[in-house]
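# Summary of the model geometry
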Amino acid sequence: MTDRLFTETLLAAVGEDLLRTRLSEDFVRADVGAAAVAPLLTFEALSDLLSTHQLEPPRLRLHRAGRPVPLGDYTTVGEASGVTRRLVRPEALYEQLRGGASLVLDGIDRLHPPIRAAADDLMRLVHERVQVNLYLIWGDSHGFDTHWDDHDTFIVQLAGTKHWQVHGQGTRPYPMKEDTDHAHRPPEGTVWEGVVHPGEVLHVPRGWWHTVTGTGGVSMHLTFGFTRATGVDWARWLVERLHDVEFARTDLPRFAAPEERRKHQHALLRHLVDLAEQHGIDDFLADRDARFPRRQSFSLPWAVDGATPGPDTVVEFTPILPAALRQEEQKVALTVAGRRYAFPQTARPLLEALVEARTLTVAELAERAGVPVDTAAALARVLVRHHLVLLR
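Residues numbered from 1 in each chain as written. Predicted model: local features only at pLDDT ≥ 70, side-chain atom pairs only at ≥ 80, totals over all residues. Heavy atoms only, no water.

Inclusion rule: UniProt positions are given in the numbering used here, feature names are shortened, and annotations may be inferred rather than shown by experiment.
An unreviewed UniProt entry lists the chain under the name Cupin, with Thermobifida alba as the source organism. What UniProt records for the chain under Cofactor (unreviewed entry) is the sentence "Fe(2+)".

Structural data, given as structure tokens:
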């Protein structure tokens, strides 16, 4: 099941210490088995995606030997719904792939449900947003030169093989996308080198240099990328809270005497330190989780016509991360994507069942919560209008 690929299959192969000691800190290689990753994407499914979606550069693009392939070599200018677009020419795409170009498709998790399910599962594991990109190549060439990524990655090999050299951290540890220095260099030697086969998963931390080349045949892999919160993010979050401090909103004493400016600076530092002591890292991470976005998904006609779901209607909880329920006087509340929702106390067992199981039929939801089916159906009818559940 792709919706448990990381939280169950990968953890069973690597060990529970993955999150505590190895995530973002160490290169990890695991073999979860070709059968475990096969449902993610087949060549038939990929061909269907390319046929039914008007994918164009830069979302779909080709690279060869570290450089982008000129758009004119595999696309043509066309018109769709009155808008001029770059349309991929199938025969030209085939020719470029035969010549060793690497195809990159960004955000394939937004196009293909099995990959989306795996991405959601990884988000539940790492509590960060995840995007999945596809890489496809034939031959022994490479699409990109030796490089580092500004985010952590899990590489999942789907078909064929690919040769990897993982060099490790460069001269600037933990580089960031928004950084003051992007001129750092790779280290000497390699941390690991080998050929990756279908079913193998690699974890390459942010900033670790690596070189990837084809092995003569086909290679198709997915890169699950995510950016973790840093001390810089916490500091920015604290600074935003300075808006609530009256002294911080006052003008800086630009034209005052030096001693007065120093006093003003010290007072600002005291306020900032007070905020840091009042709102620690745990508060920041909890707030970050509460603002975690939902996927863009729709539940028609239920959310519009208000029809009452039947016992066999499937109810799927939309928040990706588990939602924490809070007791507020006579209400039970939860915050999803930064918005607070409050329900009668009688809804608590139903909400607890949904948070835990995520997907249940109305009848199963009623049974787990110990309430009549009509009560579960009534709550599902309310939740779907607020995009808290999908019905199907």
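## A word on the UniProt feature "domain: JmjC" (unreviewed entry) in the chain
Inclusion rule: Helix and strand definitions follow DSSP, with helices as H or I runs of at least four residues and strands as E runs of at least two, each counted in order from the N terminus.
The UniProt feature table records "domain: JmjC" (unreviewed entry) at residues 101-243. Along residues 101-243, the helical share is 17% and the strand share 42%, with 51 Å between the first and last C-alpha atoms.

## Thoughts on the sheet that holds strand S16 (residues 359-361)
So the rule is basically this: Only when DSSP finds a minimum of two bridges between them are two strands counted as paired. Fitted lines through C-alpha atoms give the axes, limited to the stretch in contact for helices. The angle between two N-to-C directions lies from 0 to 180 degrees. When checking whether two residues touch, look at their non-hydrogen atoms; a contact exists if any pair is within 4.5 Å.
Strand order in the open sheet formed by three strands is S16-S12-S17, and the pairing between neighbours is antiparallel. Whereas interior strands pair on both sides, the edge strands pair on one side only; in this sheet they are S16 and strand S17 (389-391). Across this sheet, the average inter-strand angle for adjacent strands is 25 degrees, counted without regard to direction. Examined bridge by bridge, strand S12 (residues 314-317) and S17 share three bridges and lie antiparallel to one another. Bridged to Phe317 within S17 is Val389. Helix-sheet contacts for helix H14 (residues 373-385) involve S12 and S17, and the interaxial angle to S17 is about 110 degrees.

## Focus on the packing of aromatic side chains
Aromatic ring pairs are described here by two measures, namely the spacing of the ring centres and the angle between the planes. Defined as follows: Two rings from Phe, Tyr or Trp (for Trp, the six-membered ring) form a pair when their centres are within 6.5 Å of each other. A pair whose planes differ by under 30 degrees is stacked, one over 60 is edge-to-face, and the rest are tilted. Note on exposure labels: buried denotes an accessible area under 20% of the residue type's maximum, exposed denotes more than 50%, and partly exposed covers the range between, all computed with a 1.4 Å probe on protein chains only.
Taken as a whole, this structure holds seven aromatic pairs when the rule is applied. When the ring of Phe6 is compared with that of Phe154, the centres are 5.6 Å apart and the planes differ by 55 degrees; the resulting orientation is tilted. Taken together, the positions of Phe6 in helix H1 (residues 5-14) and Phe154 in strand S8 (residues 152-169) put the pair 148 residues apart, joining distant regions of the chain. Accessibility expressed as a relative area gives 2% for Phe154, which makes it buried. With a centroid separation of 6.0 Å and an interplanar angle of 20 degrees, the aromatic rings of Phe154 and Phe226 are classed as stacked. Within this pair, whereas Phe154 is found in strand S8, its partner Phe226 is found in strand S11 (residues 208-226), the two being separated by 72 residues in sequence. Per residue, the accessibility class of Phe154 equals that of Phe226, and both read buried. Aromatic ring contacts, followed pair by pair, group Phe6, Phe154, Phe224 and Phe226 into a single cluster.

## Regarding the environment of Val132
With respect to the helices, strands and loops of the structure, Val132 is situated in strand S7 (residues 130-138). If sequence neighbours within four positions are ignored, Val132 has contacts with Leu105, Asp106, Gly107, Ile108, Asp109, Ile115, Ala119, Leu222, Thr223 and Phe224.

## A word on the sheet that holds strand S14 (residues 331-336)
Judged by pairing direction, the sheet is antiparallel, and its three strands sit side by side in the order S13-S14-S15 without closing on themselves. Both outer strands of the open sheet, strand S13 (326-328) and strand S15 (339-344), are each paired with one neighbouring strand and no more. Pairwise comparison of adjacent strand axes, ignoring direction, gives a mean angle of 35 degrees for this sheet.

## Description of the nonpolar core
Under the convention used in this document: Grouping buried Ala, Val, Leu, Ile, Met, Phe, Trp, Tyr and Cys residues that are joined through side-chain atoms within 4.5 Å yields what is termed a nonpolar core.
Core analysis: the biggest nonpolar cluster contains 52 residues, and Phe6, Leu41, Phe154 and Phe224 have the highest contact counts within it. A total of seven residues in this core trace back to one element, the largest contributor, which is helix H6 (residues 113-126). Filtering out sequence-adjacent residues up to four positions away, Phe6 remains in contact with Leu11, Ala118, Asp121, Leu122, Leu125, Phe154, Val156 and Phe224.

## Concerning H1
Heads up, the rule is: Here the arc refers to the set of directions running from the helix axis out to each C-beta atom.
Of the positions making up H1, those classed as buried are Leu5, Phe6, Leu10, Leu11 and Val14. One side of H1 holds all its buried residues, which, seen down the axis, span an arc of 150 degrees. Positive phi shows up at Gly15, right after H1, with a value of about 115 degrees.

## Digging into the pattern of salt bridges
Spelled out, the test is: Criterion for a salt bridge: a side-chain nitrogen of Lys or Arg within 4 Å of a carboxyl oxygen of Asp or Glu.
Per the stated rule, a full pass over the model turns up 18 salt bridges. Linking Arg4 and Glu8 is a salt bridge whose minimum nitrogen-to-oxygen distance equals 3.6 Å. When its relative accessible area of 28% is taken as the criterion, Arg4 is described as partly exposed. Residues Arg340 and Glu328 are paired through a salt bridge, measuring 2.6 Å at the closest nitrogen-oxygen approach. Linking Arg340 in strand S15 with Glu328 in strand S13, this pair joins segments that are twelve residues apart in sequence. Overall, the relative accessible area of 46% leaves Arg340 in the partly exposed class. Note on Glu328: relative accessible area 24%, which makes it partly exposed.

## Things to note about the pairing of S7
For S7, the tally of buried residues reaches seven of nine residues, placing the bulk of the element in the interior. One ladder, built from four bridges, connects strand S6 (residues 102-105) with S7; its direction is antiparallel. When the sheet's bridge partners are listed, Val104 is paired in S7 with Tyr135. Pairing analysis gives nine bridges linking S7 to S11, with the strands arranged antiparallel. From the neighbouring strand, Val130 faces S11, where its bridge partner is Phe226.

## Details of the environment of Glu25
Inspection of the secondary structure assignment puts Glu25 in the loop between helix H2 (17-22) and strand S1 (28-31). We classify Glu25 as partly exposed; its relative accessible area is 41%. For the pair Glu25 and Asp233, spaced 208 residues apart in sequence, the C-alpha separation works out to 19 Å. Sequence-distant contacts of Glu25, defined by excluding residues within four places in its chain, comprise Tyr174, Pro205 and Trp208.

## Focus on the packing of helix H7 (residues 231-241) against helix H9 (residues 258-278)
For clarity, the threshold we go by: Roughly parallel refers to an angle under 35 degrees, roughly antiparallel to one over 145, roughly perpendicular to one between 65 and 115, and oblique to any angle outside these ranges. Whether a crossing is left-handed or right-handed is set by the direction in which the near helix is turned from the far one by less than a right angle, anticlockwise for left-handed and clockwise for right-handed.
Contact pair H7 / H9: the axes reach a minimum separation of 10 Å and the direction vectors enclose 115 degrees. As judged from the angle between their axes, H7 and H9 are roughly perpendicular. Judged by the twist between their axes, the crossing of H7 over H9 is right-handed. Residue-level contacts link Trp234, Leu238 and Arg241 of H7 to Leu272, Leu275 and Ala276 of H9.

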